[in-house]
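# Observations on the three-dimensional arrangement
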Amino acid sequence: MNNFSLRIIPIVHAQSIDAIAQPSFGTLSNGGIPIDNSLVKIDLESQKTTFGIGETFKVKVKLVSQDDLFIDKISLRILYNPNLLSVVDSDPNTTGTQIKILNSNLTLANQNDNNVNALEGIITLIVNVENNINFKGSTEIAEITFNTQAQGLNRIAVQTGSNGTRLIKDSLSIGYTASELQVNITNIKITQSVLPTLTNTPTPMPTSLTTPTVTPVQINNQTNIPNTSVSKELVDILVNLFFGILVVLTGLNIFLKAKKRKK
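Residues numbered from 1 in each chain as written. Predicted model: local features only at pLDDT ≥ 70, side-chain atom pairs only at ≥ 80, totals over all residues. Heavy atoms only, no water.

The two faces of the sheet receive side chains in turn, since in a regular strand these alternate between them. Here strand β8 (residues 114-117) shows one buried face, formed by Asn114 and Val116, and one open face, formed by Asn115 and Asn117. Pairing of β8 with strand β9 (residues 122-129) involves 4 bridges; the strand directions are antiparallel. Of the residues in β9, the one forming a bridge with Asn114 is Leu125. Hairpin geometry of β8 and β9 is characterised by an intervening segment of 4 residues between the two adjacent antiparallel strands and by a positive phi of about 75° at Gly121. (Buried < 20%, exposed > 50% of the residue type's maximum accessible area, 1.4 Å probe, protein only. Helix = DSSP H or I, 4+ residues; strand = E, 2+ residues; numbered from the N terminus. Pairing = 2+ DSSP bridges.)

Let us now look at the nonpolar core. Counting 41 residues, the largest nonpolar core has Leu63, Ile74, Phe135, Phe146 and Ile156 as its most contacted members. Not counting residues up to four positions away in its chain, the partners in contact with Ile74 are Leu63, Leu106, Leu125, Ile126, Val127, Val129, Phe135, Ile141, Arg166 and Leu167. (Core = buried A, V, L, I, M, F, W, Y, C linked by side-chain atoms within 4.5 Å. Contact = heavy atoms within 4.5 Å.)

With that settled, consider the packing of aromatic side chains. Counting across every chain of the model gives 4 aromatic pairs. Taken together, a centroid distance of 5.7 Å and an interplanar angle of 75° make the contact between Phe242 and Phe243 edge-to-face. What makes Phe242 exposed here is its relative accessible area of 53%. The exposure class of Phe243 is partly exposed, given its relative accessible area of 47%. (Phe/Tyr/Trp six-rings, centres within 6.5 Å; stacked < 30°, edge-to-face > 60°.)

See the structure below:
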């Protein structure tokens, strides 16, 4: 089979700029042999297409070719509804909203070639292809992260036509077909991440109940508080001693007075 650069079809100006899933037309090659557009396709893929408001999801852009495909440059343009979706910047440290490049053989000639027009809903990525790689099969080109803003049905599509996406080889455009995604955004607002479901394993109940035996515990390190109260026996001794001394003093006083009168 001949090389793709020798099988390019002419531009048809009547094609709409945003016609989706229609061939993208290019210029004639030296041989003037048209390419079969069904051999090359630009696909948009997402794991799901229904989301709640405030949810984030990713869309991958893939280049699919059934035959050998060598290109020099990819000029990618993706359309979306900016009233329903916003694009999440893949590199917050770089000025301007950007999308993520997934293939190391694709390089930016200018940082401004990776940008998002948030007012019109147009994503642009222009990259040069290094190392003369073969795009036969399915090759991931880029990844776009969207955040849902409002309820509605949103169309994410590869822009085709003369002002749309171009696959370029030797300054000539290669024909392709393109897919689109219909994203349904419901009115359910996602306010927090969904927590994982916890499975509780019940503890099996015993077949019979046994009355537990309570064993008293002796505390060995208990501090003994000394008894500082006055005992009843000591009080009695002190009272008897007091009265005994009182009797002795009274008797001595009587004796002294009697002796004094005798004189």
